[in-house]
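# Close look at the chain arrangement
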Amino acid sequence: MRNQASGVSAPMKRATAMRAAERERRDNQREAVLRLIASHEQADDLEQLQIVQNLRKSQVESAFDERIRDVKGLAGDLRIQTLAGELVAYEQGLALQPTAPLPVKSTQYSEITDKYQQFCRTFIESYGFSDLSIVAADSGHLLFSTAGESDLGAGFASALYAGNGKAEAWRRASRTGAAAIVDFAPYQPSGNQESAFLAHPVFGPGRDLLAVVILQIHPAFINEIMDSRKGMGKT
């Protein structure tokens, strides 16, 4: 007879993992918000700085929440799911080691990605992101990137990418099966420009974890919020 006390069903485990992932994402988001506010705001004294931070915190958190909804919606878009599926099939057909680079200049690769470039570029331009990437969930290969920087085709499973923000976003989202956020830090492929990454799993048929879609943002996305002085008086 099965021990009911020790037996935990797979759905319960997934639900527990999802809740833990959401708590982790919220904690990371909160740290990013506070750091951005502190780095942008200049005040004459600590009391004024606290007032400014309180006024801005909810606005910046709302902006992050909106972008999390953006990446979640993108992961559920049939075009992204189809692109991810075709690229994963392309990668698996090459039988690469996870640390080996993915060929991204072949005719076959171009035939897959060219069909989706316009949609992906229009998306990031419309919503204020700097890059849209797709990473294979299992191997960690960077399958697609609108920016086409030096990391395209990289194997994020390699120790070389241990401190890479985009690679960390892939690790978190693929491990938890939920949305993830990586705080702002210099990103070498983008010329060491400060970048944060928002990631969400892409599921295939049968809810199999297929890939991770990642959106890259720069601190400029909150400049309008941070520069606004509406509702503030002098102290």
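Structure's up top.
Quick caveat, the model's predicted, so the values are computed rather than measured.

Among the residues making up helix α5 (residues 117–127), those that are buried are Gln-117, Cys-120, Phe-123 and Ile-124. Looking straight down α5, one finds its buried side chains confined to an arc of 135°; they lie on one side. Turned more than 90 degrees off the buried face of α5, the exposed positions are Gln-118, Glu-125 and Ser-126. Of the residues one or two after α5, Gly-128 is the one with positive phi, at around 80°.

With that settled, consider the packing of aromatic side chains. Inspection of every chain in the model, using the stated rule, returns 5 aromatic pairs. Note on Tyr-90 and Tyr-109: the rings are 5.9 Å apart at their centroids and 55° apart in plane angle, and the pair reads as tilted. Of the two residues, Tyr-90 is situated in helix α3 (residues 78–94) and Tyr-109 in helix α4 (residues 107–113); the sequence distance between them amounts to 19 residues. A centroid spacing of 6.1 Å and a plane angle of 5° characterise the contact between Phe-123 and Phe-129, whose relative ring orientation is stacked. Comparing Phe-123 with Phe-129, the two get one shared label, buried. Through successive ring pairs, a cluster of aromatic residues spans Phe-123, Tyr-127 and Phe-129. Sitting over the face of the ring of Phe-203, Arg-207 holds its NZ or CZ atom 4.0 Å from the ring centroid.

Next up on the list: the nonpolar core. Membership of the largest hydrophobic core comes to 37 residues, with the highest contact counts inside it found for Leu-83, Leu-132, Ile-134, Phe-144, Val-213 and Leu-215. When residues of this core are assigned to their parent elements, the largest contribution, 7 residues, is made by helix α2 (residues 46–75). Leave out the neighbours within four places in its chain, and Leu-132 touches Leu-74, Ile-80, Cys-120, Phe-123, Ile-124, Phe-144, Ser-145, Thr-146, Val-213, Ile-214 and Leu-215. Residues Phe-156, Ala-169, Trp-170 and Ala-199 belong to the second largest nonpolar core, which totals 15 residues.

Okay, the side chain of Ser-139 next. Within the secondary structure layout, Ser-139 lies in the loop between β1 (131–136) and β2 (142–145). The exposure class assigned to Ser-139 is buried, which follows from its relative accessible area of 14%. Among the polar contacts listed, one links the side chain of Ser-139 to the side chain of Glu-91, at a separation of 2.3 Å. One polar contact links Ser-139 to His-141, side chain to side chain, over a distance of 3.3 Å. In contact with Ser-139, not counting residues within four places along its chain, are Glu-91, Pro-98, Ala-157 and Trp-170.

Rules behind the numbers
- Residues numbered from 1 in each chain as written.
- Predicted model: local features only at pLDDT ≥ 70, side-chain atom pairs only at ≥ 80, totals over all residues.
- Heavy atoms only, no water.
- Buried < 20%, exposed > 50% of the residue type's maximum accessible area, 1.4 Å probe, protein only.
- Helix = DSSP H or I, 4+ residues; strand = E, 2+ residues; numbered from the N terminus.
- Arc of directions from axis to C-beta.
- Phe/Tyr/Trp six-rings, centres within 6.5 Å; stacked < 30°, edge-to-face > 60°.
- Lys NZ or Arg CZ within 6 Å of the ring centre and 35° of its normal.
- Core = buried A, V, L, I, M, F, W, Y, C linked by side-chain atoms within 4.5 Å.
- Contact = heavy atoms within 4.5 Å.
- Polar contact = N/O pair within 3.5 Å; in protein donor to acceptor, adjacent residues only side chain to side chain.

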